[in-house]
Amino acid sequence: VLLPVLVPHHGGGQRINCVNNLKEMALAFKIWGGDNSDKYPMQVSVTNGGAMELAVAGNVSAIFRAMFNELSTPKLLICPEDTMHTVASNFSTGFDNSHLSYFVGLVTNDDNPQMILSGDDNFLVNGKPVQPGILNLWTNSSVVWAKTRHISVGNIGLADGSVQQVTRLGLASAISNATASSRLVIP
């Protein structure tokens, strides 16, 4: 009975849950896109049920609100190791960026399956924590994962639906592989 208490916990299980959250989000994007001419919510106007105008203004929650039918619960939008954000009870009442642990890539499509679709929002750019809003990452940006989650590594979801746990070098490589720049919207 006491044996599990004696074994040190390294957070590996929580890391797997975060990867699962990103996989569920990638599936939701794919399903939503299948019903919307292969475009994601950030590529479809609000008047057509998407979130394009809101996303380019930095409203990440609008992207997920547009996909609420494809997402089973707002709980998927919080990394289990995130102590800064809280889980929303639903997608309507009070649902905003404070209920999100993940960024979304604005320039994502199936033409380049290695483009960044989503990922953990706990990174530093040029030594500073990312701020909410639009972030343009260039191949020469100094990007590192903050130590607040996953012990200095992070997870990213790609346009092909895969999820990768990456180090600082892996994140820089993903940014480089995606395009000359990656445009992200940070909650």
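Structure: above.
Definitions and limits used
- Along each chain, the written sequence defines residue order, and numbers are assigned to residues from 1.
- Owing to the predicted nature of the model, reporting of local features is limited to residues with pLDDT of at least 70; listing and counting of side-chain atom pairs is limited to 80 or more, with chain, interface and lining totals taken over all residues.
- Side-chain metrics in this entry use all non-hydrogen atoms of the structure; hydrogen atoms and water are not considered.
- The criterion for an aromatic pair is that two Phe, Tyr or Trp rings (for Trp, the six-membered ring) have centres within 6.5 Å, with stacked assigned to planes under 30 degrees apart, edge-to-face to planes over 60 apart and tilted to the rest.
- We count a stretch as a helix when DSSP gives it H or I for four or more residues in a row; a strand needs E for two or more, and each element gets its number in order from the N terminus.
- When a residue's accessible area, from a 1.4 Å probe over protein chains only, is under 20% of the maximum for its type it is buried; when over 50% it is exposed; and in between it is partly exposed.
- Salt bridges, as used here, are contacts in which a Lys or Arg side-chain nitrogen is within 4 Å of a carboxyl oxygen on Asp or Glu.

Draft legend 1. Local environment of the packing of aromatic side chains. Under the defined criterion, the tally for this structure stands at five aromatic pairs. With 5.7 Å between their ring centres and 85 degrees between their planes, Phe 103 and Phe 123 make a pair best called edge-to-face. Of this pair, Phe 103 sits in strand β1 (residues 102-105) while Phe 123 sits in strand β3 (residues 123-125); the two residues are 20 residues apart in sequence, bridging distant segments of the chain. With respect to class, Phe 103 is no different from Phe 123; both count as buried. Joined through ring pairs, the aromatic side chains of Phe 29, Tyr 40 and Phe 64 make up one cluster.

Draft legend 2. Representation of the pattern of salt bridges in the model. A full pass over the atoms with the stated rule returns three salt bridges. Residues Arg 149 and Asp 82 are paired through a salt bridge, measuring 3.4 Å at the closest nitrogen-oxygen approach. Residue Arg 149 is located in the loop between β6 (143-145) and β7 (154-158), and its partner Asp 82 is located in the loop between α4 (60-66) and β1; the two are separated by 67 residues in the primary sequence. Accessibility classification places Arg 149 together with Asp 82 in one group, the buried group. In this structure, Arg 149 and Asp 121 form a salt bridge, with 2.5 Å as the shortest nitrogen-oxygen distance. Of this pair, Arg 149 sits in the loop between β6 and β7 while Asp 121 sits in the loop between β2 (116-120) and β3; the two residues are 28 residues apart in sequence, bridging distant segments of the chain. A relative accessible area of 5% places Arg 149 in the buried class. Judged by its relative accessible area of 8%, Asp 121 is buried. Each of Asp 82, Asp 120, Asp 121 and Arg 149 takes part in salt bridges that share partners, so that together they form one network.

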